[in-house]
Structures are given as structure tokens and as C-alpha cells.
Amino acid sequence: MTHGPIRLTSAAHARLRPATEARITGGFWAARRHTNASVSIPQGPRKLESAGNLGNLRAAAGAADTDFTGDFPFQDSDVHKWLEAASWQLADTPDAELAGEVDRLIALLAAAQEPDGYLQTHYQVKHPGRRWQDLRWGHELYCAGHLIQAAVAHHRATGRTALLEVALRFAAHIEETFGPGRAVDAVCGHPEIETALVELYRETGERRWLDLAAYFVDLRGHGSLEPGFERGGESVTGGAYWQDEVPVRAARTVTGHAVRQLYLLAGAADLATETGEGELREALERLWSAMVSGKTYLTGGVGARYEGEAFGDAYELPPDRAYAETCAAIASVQFGWRMALLTGESRYSDLIERTLYNGFLSGVGLDGEHWLYVNPLQVREGYEFRPGDQSARRTPWFRCACCPPNVMRLLASLPHYVASGDDTGLQVHQYACGRYAAGGGAVTVAGDYPWDGRIEITVDEAPAGPWTLALRIPPWAATAGLDGGTVERPADGWLRLRRVWSPGERVELRLPLDVRVTGADPRVDAVRGTVALERGPLVYCLEQTDLPPGVSLDALALDPERVPVAEHRPGLLGGVTVLRTHGRVRAAGGGAGWPYGAGAGEDSVDGPADDPVELTAVPYHAWANRADGAMRVWLPRAGGGAG
């Protein structure tokens, strides 16, 4: 692949630019992308057919006399996201069968499009004559945004214009419809169009699309949508749910629906990158910091509330009620990468790494065909199965199938989130094995990260003069090994190696993969007095399936005197490094039948001190791949107080 989801213009005000060549060729992420390419993406058309998405397009095209199928007005967006995923995959690995499926769906979209450019089957088939009348829930601009992103991906991957022409016709219709003095002067209830329009500007060079994106960002927060909603028994007041209560530049924290918020901020970051506007950039930095400091789970997941799929208040991070939607993790990665390019700061890629390995990757099963919509950090014994999309059980597909094709498109385009370049050289943000070219040079990254901390970077190409290879050192590594020596982590996280390089020179970086016993800020009340286990970028959890018979996960406390030991097990969960440690069974709280009483908040241990329970912690991203059952990230410590 030579171009990914972001292609900055020559005038962009970015500190860094995406790699011009990016290929993941081996290791951890190559294996997950292989499953995505061989299992997840190929099953997409079948799933879209059985769910009715493709039938809706045929009905809109007049090729079938059927009603609209599906519970949501945004059914088309699943098709668009799959097309984007398939396009990035074709750019990576040509495949005649996949290309044929892509062409078939593009033809179907072209046939369904109205003569004036409008394209959304919910209103074409089910509610003709009601276009643009329900901006809060209609998702018309949201669907248009995903269509545009798919079209840009297809054009970059193949050089062909069939889908781009469909997207341009729809974009022109939107331009004619929206704006001061036009038929509609309001924003969409679900942001997405903003980042898509900026990328359409980058692809076509037409300033009109950047201006249209700016219009939508600037109008957001001025109350163009009716505040609050009540739907299906769920009630939310105010405009925060839609990010229509406070303008982006004035906002102090992330709020409302997590995916909506982060898609909006990704688009605003694209806009700030192309315009160079300082006030918008400052707002984006402030909002990202607010998200990280009190509204992000240890796994990188975001969204504490089922109600409104919302962020919740600062430090409101309950592990068992965590919503942490897979799409929200993806949106966080997209926003973070744009901020990394805009500012050049490593902290954004620090969070991207955490999110990719944990809160994002947990959303897709190891088999590539079972999914999680929500990603809790705890599932209790006797969990009451929640039917539908919001279950803590892996599911073959969803009624609201936004997450699976979203996972597919991120994995297919993942090489373009690894490296960047600037006038001084190349920066490696993520240690995914492969080849990356940027900043006038090219490198090959090799190793067995995240299982092994040894990473080898070979400089394949470099200019004749001094050139900088910058390696991101994660914040959990106070020091790192470099070519047999030891270096302190730089204050800004970038280990810059500047010299004259010769092709074939190698650098060996060793990141310390010591097991970390991590606590939480005491303001996170839900996990006060508990700890989590981490190793490198991975968060670990305990699953009921790994416990001895008769031992309840809910009754266990971690033995604080035992140091967890890492052990690689090639035959487990596709090959993972587990953490072996010990725990003890806690005594019941306030007595039989009543969980409260004097001393009930203090842990006590049943059994003799020399009779611990052996524990095996597995990477969080691999949970729920073997059996249904209890799971826990945050663990109480024996004698360590309430948990």
C-alpha cells in the first residue's frame, strides 16, 4: 500500500506525515490481519445479504419489490464500511474474487442512487419524501460520510473512479442542500461526514469539500438539533448526547455518545491540520487530555454508560458495567492518530498502542467471525445473559452491525498507523513487523513483540547526510536497551538516533516486559483497593475457565506476596504469554444471607496460608474465546481492603 486513510495535502500544518510505504509482513499483527483477510472480510457480503442490507439497495434501485429490512436507518453504512475494508485489503494483497465482490456492490450502490445524488435506502424505500427531516436519528450524513471514505479508499487502492463518482454526486447534493439560506442549516445527529469531507478534499483538491467540513464543525454545538431524546424507554436531556450543546472550540471535556464525540473530534483534527487554526488545535488537545485523565479504561476503552452509549462523568469507570463499545475504541485510535500527526507528540501513540492491543482487539474473536459490541472489564459469576448486541458473549453478527465492518476496515488499514516521517527522518510509533518508508528513508521492523521486548530495526534506505530514526519508548518503560547498552526514556517519549546511516545498519531496541501490578486513581471508586496485571502493552485478566473446579472467581483475592511470572504457551489461544501467580479465597462478607456488617469491607482469607490457589492470567484481548464464564481485570488483594 502506498496511501492509507489519511493523505495530507502539501500545505497541511502537520508535524508528521504518514508513511508513504507501509506493509505489515509478520508477527502478531500479521496473524490477526491474515484472519481478517481470510475470514472476516470474505464473510461480509454473506452477512450483509442475510441481514437485508443488500436487499435494501436492490429495492432502492427498483430491482426488487421488497420493503426495507432492518431496525435502523443507517443499514447502508455497514455496506460502506465493508467496501472500505475490502478496498484497503485489495491495496495490500490483490484478490480477484474479492475485487469481483467489491465491483458488484459498487454497481449496486450506483444503481440505487437517485438522479440528484441522494443515496440512503431507509428513506428511498421506507420513507420516501422524508429526506433530511430527522437529522437527529436519520443518520443520512453519517451514511454519506462512510460512503465517501469507502470511495476514497477504493480510488487509492485501485485507481478506479466508479465509487468515487457515486460519492461525489452525493457530496454535491449535500452541498446544495446544507448551509445558511439553503433548505437545511443543521448538523447530523451522528458526526462522520466531517472527516470524510476533509479526505475528499485531499483526494480531489477541491476546496469546496474542506469548506463544507468546516461548516459542519463550526455549526456543531449551536443547538441546531432538538435537545435530548426519548426513545425505547431511554431518556436523555440536553444536547450533549449529540455534541450539540457546546461548540467544539469552547468544550472543556468529552461528553455524550462516545463514538459520536470521537468521530467529531477526528474530523475537527483533520480540519485543524489543513487550516492550521490554533484555537481548534488547542481545544482538541484539551479534550483528548480530559478523556485520558478521567474517562478512559485501563484497556483504552471509552464509554462508561450503557445509557446513551456515553462517556459518563470523570472517574466513572465501573468495570462490570463498562460499555466500552468496539466502535468507540476504533474512533479513539482514529482521533489519536490524527493528533499524533498534527502535534508530533508520542502520547497519542501511547494510547493508540494500549487501545489496539486491548480495548479494540477484544472486539473480534480469534476466529475472526465472533464479535463483542461491548467490552466490559468484569463479568460476574452467574452473569444474566443480555440478549442482543450488548451481551458480554461473543456473537456471530449484530442487529446493529456497526462494529464488525469497522474492525475489518481498521485491521485492513492498520499498516498506516505504524510509522510517519518529517524533514528530519522517520518515526516508528508501533512495533509491528514490516517495512515502512517515510521521511526520505525506509526501515524494516522485526521481532516477536508484544511477547518479546527485543525489536530489531534495519535501515534499508537513508539519504546521504544525517538522518533521524526516532523510536517511541512507551511510558511504562523507564529505561530501554539499545544495542547492548541502556538508555533512559526521553521526556517526550522519542528516542532519536541521528547520524549518517548506511543501508543494512541495524538497531536493537529492548523494551522491558516486566510484569506490572497496576493500581487506579482512588477517585475511580469502582476499583478502589484492587489491582490489575500488565506486561508491556497488554492488560491481563482472569477467566473462570482457568480456575480449579469449585473455585469462584468472584471470591478470589490476589496474593500480594507472590510475584507473577510470565510464561509463553504456544498452544493456548493461538500462542500467548500468560502470567502465573497465586490467589486466596476470600471469606464471605457480613454473614449468611446478608452481605453487610462490621468488618465486611475488609478481606479475610479462608484456609491456611500455605494453601494458595494457582492463577493463570491471559491477555484481555483473548478473553471469551474458549468458554462463557466469569472474567475479571481488576483483582482484590488478600488483606488489601474492599474490592
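Residues numbered from 1 in each chain as written. Predicted model: local features only at pLDDT ≥ 70, side-chain atom pairs only at ≥ 80, totals over all residues. Heavy atoms only, no water.

Draft legend 1. Quick peek at the overall build of the protein. On a plain count of helices and strands, the protein comes out with 14 helices and 24 strands. The C-alpha radius of gyration computed for the protein amounts to 25 Å, which stays within 12% of the reference 26 Å derived for 643 residues, consistent with globular compactness. Principal-axis analysis of the C-alpha atoms gives the protein an extent of 80 × 70 × 50 Å. Residues counted as buried form 60% of the 643 residues belonging to the protein. Positive and negative side-chain charges of the protein, numbering 62 and 82 respectively, have mean locations separated by a distance of 2 Å. (Helix = DSSP H or I, 4+ residues; strand = E, 2+ residues; numbered from the N terminus. Rg over C-alpha atoms; globule rule 2.2 N^0.38 Å. Buried < 20%, exposed > 50% of the residue type's maximum accessible area, 1.4 Å probe, protein only. Lys, Arg positive; Asp, Glu negative; His and termini not counted. Charge placed at Lys NZ, Arg CZ, Asp CG, Glu CD.)

Draft legend 2. Main features of the side chain of K295. Note that K295 resides in the loop between α11 (278–294) and α12 (326–343). Here K295 is buried and forms no salt bridge, its nearest opposite-charge partner D313 lying at an N-O distance of 5.8 Å. Excluding residues within four positions of it along the chain, K295 makes contact with T253, V254, A290, V302, F311, G312, D313, A314 and L317. (Salt bridge = Lys/Arg side-chain N within 4 Å of Asp/Glu carboxyl O. Contact = heavy atoms within 4.5 Å.)

Draft legend 3. Helix α7 (residues 162–177), seen in detail. Helix length check: α7, at 16 residues, gives a terminal C-alpha distance of 23 Å against a target of 22 Å (1.5 Å per residue), a fit within 8%. Three or more residues of α7 are buried, namely L163, L164, V166, A167, F170, A171, A172, H173, I174, E175 and T177. Positive backbone phi, approximately 135°, marks G179, located one or two places after α7. (Expected span 1.5 Å × (residues − 1).)

Draft legend 4. Representation of the sheet that holds strand β6 (residues 419–421) within the structure. One open sheet accounts for 5 strands, arranged β1-β6-β7-β11-β14; its pairing is mixed. On the outer flanks of this sheet lie β1 (17–18) and β14 (494–499), each paired with one strand and no other. Here β1 pairs with β6 via 2 bridges, running antiparallel. In the strand pairing of β6, R17 is matched with G421. (Pairing = 2+ DSSP bridges.)

Draft legend 5. Structural detail: empty space enclosed by the protein. Taken as a whole and judged by the stated rule, the model has 6 cavities of 30 Å³ or more. Volume-wise, the largest cavity comes out at about 150 Å³. Every residue lining the largest cavity is counted, 16 residues in all, and those nearest its centre are P5, E84, Q149, R338 and R409. Listed by contribution, the elements that provide at least two residues to the lining of the largest cavity are α3 (75–92), α6 (140–158), α8 (193–204), α12 and α14 (403–413). The element that contributes the greatest number of residues to the lining of the largest cavity is α14, accounting for 4 residues. Here the lining of the largest cavity is built from residues that sort into 7 nonpolar, 5 polar and 4 charged. (1 Å grid on protein atoms, 1.4 Å probe; cavity = no way out; pocket = protein on both sides within 12 Å on 5 of 7 lines; lining within 4 Å. Points joined across faces, edges and corners; volume = space filled by probe spheres on them. Nonpolar A, V, L, I, M, F, W, Y, C, P; charged D, E, K, R; others polar.)

Draft legend 6. Representation of unusual backbone geometry within the structure. Note that the residue after Y449, namely P450, is joined by a cis bond; omega there is 10°. Considering the arrangement of structural elements, one finds P450 in the loop between β9 (441–447) and β10 (454–461). With a phi angle near 50°, D483 is a residue other than glycine that sits in the positive phi range. Along the chain, D483 falls in the loop between β12 (479–482) and β13 (485–488). One non-glycine residue with positive phi stands out, namely A624, at about 65°. You can see A624 is positioned in the loop between β22 (613–619) and β23 (631–632).

Draft legend 7. Here's a closer look at the pattern of salt bridges. Under the counting rule described, the total for this entry stands at 49 salt bridges. The shortest N-O distance in the salt bridge between E194 and R220 comes to 3.4 Å. Pair noted here: E194 is in helix α8 and R220 is in the loop between α9 (207–219) and β3 (229–231), with a separation of 26 residues, a long-range link. Residues E194 and R220 agree in their burial class; the two are buried. Measuring nitrogen to oxygen at the nearest pair gives 2.9 Å for the salt bridge that ties R523 to D521. Under the relative-accessibility criterion, R523 is labelled partly exposed at 48%.

Draft legend 8. Structural view of the packing of aromatic side chains. Inspection of the entire model under this criterion finds 23 aromatic pairs. Ring centres of Y431 and Y449 lie 6.0 Å apart, and the angle between their planes is 80°; this geometry places the pair in the edge-to-face category. Here the residue Y431 occupies a position in the loop between β7 (425–428) and β8 (434–438), and Y449 occupies one in the loop between β9 and β10, the gap between them amounting to 18 residues. You can call Y449 buried: its relative accessible area is 3%. Members of the aromatic cluster, connected to one another through ring pairs, are F28, W29, Y357, Y431, Y449 and W451. Here R321 stacks its cationic end above the ring of Y306, 4.2 Å away from the centre of that ring. The ring of W501 carries the charged tip of R499 above its face, separated from the ring centre by 3.8 Å. (Phe/Tyr/Trp six-rings, centres within 6.5 Å; stacked < 30°, edge-to-face > 60°. Lys NZ or Arg CZ within 6 Å of the ring centre and 35° of its normal.)

Draft legend 9. Expanded view of the packing of α6 against α7. For the pair α6 and α7, the least separation of the axes is 8 Å and the interaxial angle reads 145°. Of the two elements, α6 crosses α7, and the hand of that crossing is left-handed. Residues E140, L141, A144, L147, I148, A150, A151, H154 and H155 of α6 pack against L163, L164, V166, A167, F170, A171 and I174 of α7. Split into classes, the residues belonging to the contact of α6 with α7 amount to 13 nonpolar, 2 polar and 1 charged. (Axes fitted to C-alpha atoms, helices over the stretch in contact; angles between N-to-C directions. Left-handed = near helix turned anticlockwise from the far one by under 90°.)

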